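An overview of the molecular structure
Residues per chain, in single letters:
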Amino acid sequence: MTPILELKDIDYSYHTLDGETKALSGISFSLTKGEFAAVVGPSGCGKSTLLSLIDGLMKAERGELLMNGEPLTENSSKIGYMLQHDHLFEWRTVYRNVLLGAEISRQITPEIKKRAEEMLEQYGLKQFSRSKPSELSGGMRQRAALIRTLLMEPELLLLDEPFSALDYQTRLTVSDDIGQIIRKSGKTALLVTHDLSEAVSLADRVIVLTKRPATVARIVPITFDLAHDTPLVRRNAPEFKTYFNEIWKELNSDEPIADETL
């Protein structure tokens, strides 16, 4: 089966008046259809840069980026990008914020409008569709941002620390909520996060990067023997701490394993 996304020996450097800074070196991995993968690594190692390359916002200096076996083009409509902040416009209602991507791409149709209304109802925001974003909680705003992204029916979702602006308790609930929505939609997703617990609770595989210039140190498959596999349920499973410590050790090979109270 052809991977939905494939990166082959990707290199990227930042260039300034002071010289060149190598950010990524020989990055290679692939994602299959319906897979949820997470990328973790030291701060500043180039995790978000990697998403920008995949989305076509930046261009790799070397290597290939393929989607369904074909070279990725700039601003591909097959890719949805969810950022750290929801970027909902206060002067627009929630419903009109959800339609923003379709408006920009000039794809507003009766079918798109109907699907937006259906998704708002499906994901518990119907009663707020005529409200302004300031009337929503942080978690509801992120859910609206996800609906806006899913409305365009992308094949691949890129998630750049989408829960980092939320407080800890809300973050747990929202990551569980959105993680389940993405699973049920059958979308392929690539999450960048600095939170190892978040990566283990959401992902099928965790891609561990080294410090800059980042290379792939290891790819850790994540499996749980659970009747009801959700991000919150995973956090209480016996395998959770084992995976957390395994990834922590990979990131901090010269430091003792942390004992996190979960």
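Refer to the structure printed above.
Structural notes, computed from the coordinates. From a predicted model like this one, the values you see are computed outputs, not experimental measurements. (Residues numbered from 1 in each chain as written. Predicted model: local features only at pLDDT ≥ 70, side-chain atom pairs only at ≥ 80, totals over all residues. Heavy atoms only, no water.)

Okay, the overall build of the protein next. From N to C terminus, the protein includes nine helices and 10 strands. Its C-alpha atoms give the protein a radius of gyration of 19 Å, within 12% of the compact-globule value 18 Å for 262 residues. Expressed as lengths along the three principal axes of its C-alpha atoms, the size of the protein is roughly 55 × 45 × 40 Å. Out of the 262 residues in the protein, the part that is buried amounts to 49%. For the protein, long-range pairs separated by at least 24 residues make up 68% of all intrachain contacts whose partners lie at least 6 apart in sequence. Accessible area of the protein: about 13,200 Å², with a carbon and sulfur share of 49%. A gap of 5 Å separates the mean positions of the 31 positive and 38 negative side-chain charges of the protein. (Helix = DSSP H or I, 4+ residues; strand = E, 2+ residues; numbered from the N terminus. Rg over C-alpha atoms; globule rule 2.2 N^0.38 Å. Buried < 20%, exposed > 50% of the residue type's maximum accessible area, 1.4 Å probe, protein only. Contact = heavy atoms within 4.5 Å. Areas by Shrake-Rupley, 256 points an atom, 1.4 Å probe, with all protein chains shown as cover. Lys, Arg positive; Asp, Glu negative; His and termini not counted. Charge placed at Lys NZ, Arg CZ, Asp CG, Glu CD.)

Working definition: the strands of a sheet are paired by backbone hydrogen bonds and lie parallel or antiparallel to each other. Pairing is antiparallel across the open sheet formed by four strands, whose spatial order is S2-S1-S4-S5. Strand pairing shows two members of the sheet lacking a second neighbour, strand S2 (19-31) and strand S5 (70-71), which therefore form its edges. The pairing of strand S1 (residues 5-16) with S2 spans nine bridges and is classified as antiparallel. Bridge pairing in S2 places Tyr12 opposite Leu24. With respect to the sheet, helix H1 (residues 47-55) is in contact with S1, S2 and strand S4 (62-67), its orientation differing from that of S1 by roughly 115°. (Pairing = 2+ DSSP bridges. Axes fitted to C-alpha atoms, helices over the stretch in contact; angles between N-to-C directions.)

For the rest of this paragraph, the subject is the pattern of salt bridges. For the coordinates displayed, the defined rule picks out 13 salt bridges. Between Asp86 and Arg141 there is a salt bridge; the shortest N-O distance is 2.8 Å. With Asp86 in the loop between strand S6 (79-82) and helix H2 (94-98) and Arg141 in helix H5 (residues 138-150), the pair connects residues that are 55 residues apart, well separated along the chain. By relative accessible area, Asp86 is classed as buried at 12%. We classify Arg141 as buried; its relative accessible area is 19%. Look at the salt bridges and you will find they share partners, linking Asp11, Lys22 and Arg62 into a network. (Salt bridge = Lys/Arg side-chain N within 4 Å of Asp/Glu carboxyl O.)

A separate point is the environment of Met119. Topologically, Met119 is positioned in helix H4 (residues 110-122). Overall, the relative accessible area of 8% leaves Met119 in the buried class. With residues near it in sequence (within four places) discarded, Met119 still touches Ile147, Leu150 and Leu151.

Attention now goes to H1. Most of H1 is tucked away, with eight of its nine residues classed as buried. Of the positions making up H1, those classed as buried are Lys47, Thr49, Leu50, Leu51, Ser52, Leu53, Ile54 and Asp55.

On to the pairing of strand S10 (residues 216-221), then. Strand direction decides the pairing type here: strand S9 (residues 205-209) and S10, joined by five bridges, are antiparallel. Its bridge partner being in S10, Ile207 is matched across the sheet by Ile219. Linkage of S9 to S10, two consecutive antiparallel strands, is achieved through a turn of six residues.

Attention shifts here to the sheet that holds strand S7 (residues 156-160). Spatial strand order, S6-S7-S8-S3-S9-S10: six strands in an open sheet with mixed pairing. Bordering the open sheet on either side are S6 and S10, each of which pairs with just one other strand. Shown here is a sheet whose adjacent strand axes are inclined to one another by a mean of 15°, direction ignored.

One pass over the structure, following the stated rule, counts four aromatic pairs. Summarising the aromatic geometry, the rings of Tyr12 and Tyr14 are spaced 5.3 Å apart at their centres and angled 85° between planes, so their arrangement reads as edge-to-face. Where Phe244 meets Trp248, the ring centres are 6.2 Å apart and the plane angle is 15°; that geometry is what we call stacked. Residue Phe244 and its partner Trp248 are both found in helix H9 (residues 238-251); the two are separated by four residues, about one turn of the helix. Classification of Phe244 by relative accessible area gives buried; the value is 6%. You can call Trp248 partly exposed: its relative accessible area is 25%. Arg130 extends its terminal NZ or CZ atom over the ring of Tyr95, reaching a point 4.5 Å from the ring centre. (Phe/Tyr/Trp six-rings, centres within 6.5 Å; stacked < 30°, edge-to-face > 60°. Lys NZ or Arg CZ within 6 Å of the ring centre and 35° of its normal.)

Let us now look at H5. Across its 13 residues, H5 extends 19 Å between first and last C-alpha, which sits within 8% of the 18 Å expected from 1.5 Å per residue. Those residues of H5 lying buried are Gly139, Met140, Arg141, Gln142, Arg143, Ala144, Ala145, Leu146, Ile147, Arg148, Thr149 and Leu150. If you follow the buried residues of H5, they end up packed against S6, H2, helix H3 (100-104), H4, S7 and helix H6 (168-185). (Expected span 1.5 Å × (residues − 1).)

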